Amino acid sequence: TLPDTLRMEHVQLDLQGDLQSGYALQGQANLAAEQQHMSLLLDALLTAQGLQLKEVRLGDRQQGYLQVQGEVDWQSSLAVQGQLDWQDLPWQRLWPQLDALDWRLRRLQGPFSYQDGRYQGELHAEADGPAGPFTLHSPFAGDLQRVQLADVRLQAGRGQASGRLELNLGAQ
């Protein structure tokens, strides 16, 4: 069961346009969150060929946010290309049951794509954990059964680790 803090309130959607030139889709809502609501914004163009996501943003630029931009093409098969940008989103307000975790994701950025059951991208992360700040960088690729991090670079304090990582997600 999802917590009440993820309940959407005050949902507004506006769709204007036509089939020929596409439909401008704009929306906004609030997630209940703890302490105060968290805004959710949508700005997109919907056409018969796909969706151009100009912006989907959770949170705000002053207090932290998660933003996704990209394109979805469904002409011949589902294809997605995008960019993820997480800047100090206070996610614990949305999922307070996990607040006991002693870490904070400050920044997560990178491009990603998906087509024909396969995805790939790159991640650049900065976080704070029990041992202090750390960074993680790696390209990734995979499918629903596994993910490969081909060039993992982790740096924490004066220590660092690098290598290759493969995670099997499916039953074997």
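Definitions and cut-offs
- Residues numbered from 1 in each chain as written.
- Predicted model: local features only at pLDDT ≥ 70, side-chain atom pairs only at ≥ 80, totals over all residues.
- Heavy atoms only, no water.
- Helix = DSSP H or I, 4+ residues; strand = E, 2+ residues; numbered from the N terminus.
- Buried < 20%, exposed > 50% of the residue type's maximum accessible area, 1.4 Å probe, protein only.
- Contact = heavy atoms within 4.5 Å.
- Areas by Shrake-Rupley, 256 points an atom, 1.4 Å probe, with all protein chains shown as cover.
- Pairing = 2+ DSSP bridges.
- Polar contact = N/O pair within 3.5 Å; in protein donor to acceptor, adjacent residues only side chain to side chain.
- Axes fitted to C-alpha atoms, helices over the stretch in contact; angles between N-to-C directions.
- Core = buried A, V, L, I, M, F, W, Y, C linked by side-chain atoms within 4.5 Å.

Caption draft 1: Quick peek at the overall build of the protein. Scanning the protein for helices and strands turns up 0 helices and 11 strands. Ordered by position from N to C terminus, the α and β elements of the protein give β-β-β-β-β-β-β-β-β-β-β. A burial count over the protein gives 29% of its 172 residues as buried. Intrachain contacts of the protein at a sequence separation of at least 6 include 29% that bridge at least 24 residues. For the protein, the accessible area works out to roughly 11200 Å², and carbon and sulfur atoms hold 52% of it.

Caption draft 2: Quick look at the pairing of strand E9 (residues 132-142). One ladder, built from 11 bridges, connects strand E8 (residues 118-129) with E9; its direction is antiparallel. From the neighbouring strand, leucine 123 faces E9, where its bridge partner is serine 138. Note: E9 against strand E10 (residues 146-156), 7 bridges, orientation antiparallel. By the bridge assignment, histidine 137 is partnered in E10 with arginine 153.

Caption draft 3: Looking closely at the side chain of aspartate 143. As for its placement among the helices and strands, aspartate 143 is situated in the loop between E9 and E10. Judged by relative accessible area, aspartate 143 falls into the buried class, the value being 16%. A distance of 3.5 Å separates the side chain of aspartate 143 from the side chain of arginine 118, its partner in a polar contact. Apart from the residues within four sequence positions on either side, aspartate 143 is in contact with Gly117, Arg118 and Tyr119.

Caption draft 4: A look at the sheet that holds strand E5 (residues 64-73). Across the sheet, 11 strands lie side by side as E1-E2-E3-E4-E5-E6-E7-E8-E9-E10-E11; this open sheet has antiparallel pairing. One side of each edge strand has no neighbouring strand; the edge strands of this open sheet are strand E1 (8-18) and strand E11 (159-168). Neighbour-to-neighbour, the strand axes of the sheet open up by a mean angle of 10°, direction not taken into account. In the sheet, E1 pairs with strand E2 (residues 22-31) via 9 bridges, with the strands oriented antiparallel. Its bridge partner lying in E2, leucine 15 is registered against leucine 25.

Caption draft 5: Fine view of the nonpolar core. Listed in full, the 12 residues of the largest apolar core are Leu31, Ala33, Met38, Leu58, Trp86, Leu89, Trp91, Leu94, Leu105, Leu108, Ala125 and Ala127. Counting residues per element, the ones that place at least two in this core are strand E7 (104-115) and E8. Ignoring sequence-local partners within four residues, the contact set of tryptophan 86 consists of Tyr65, Leu66, Trp91, Leu105, Arg106, Arg107 and Leu108.

Worth remembering: the numbers are spatial, not functional.
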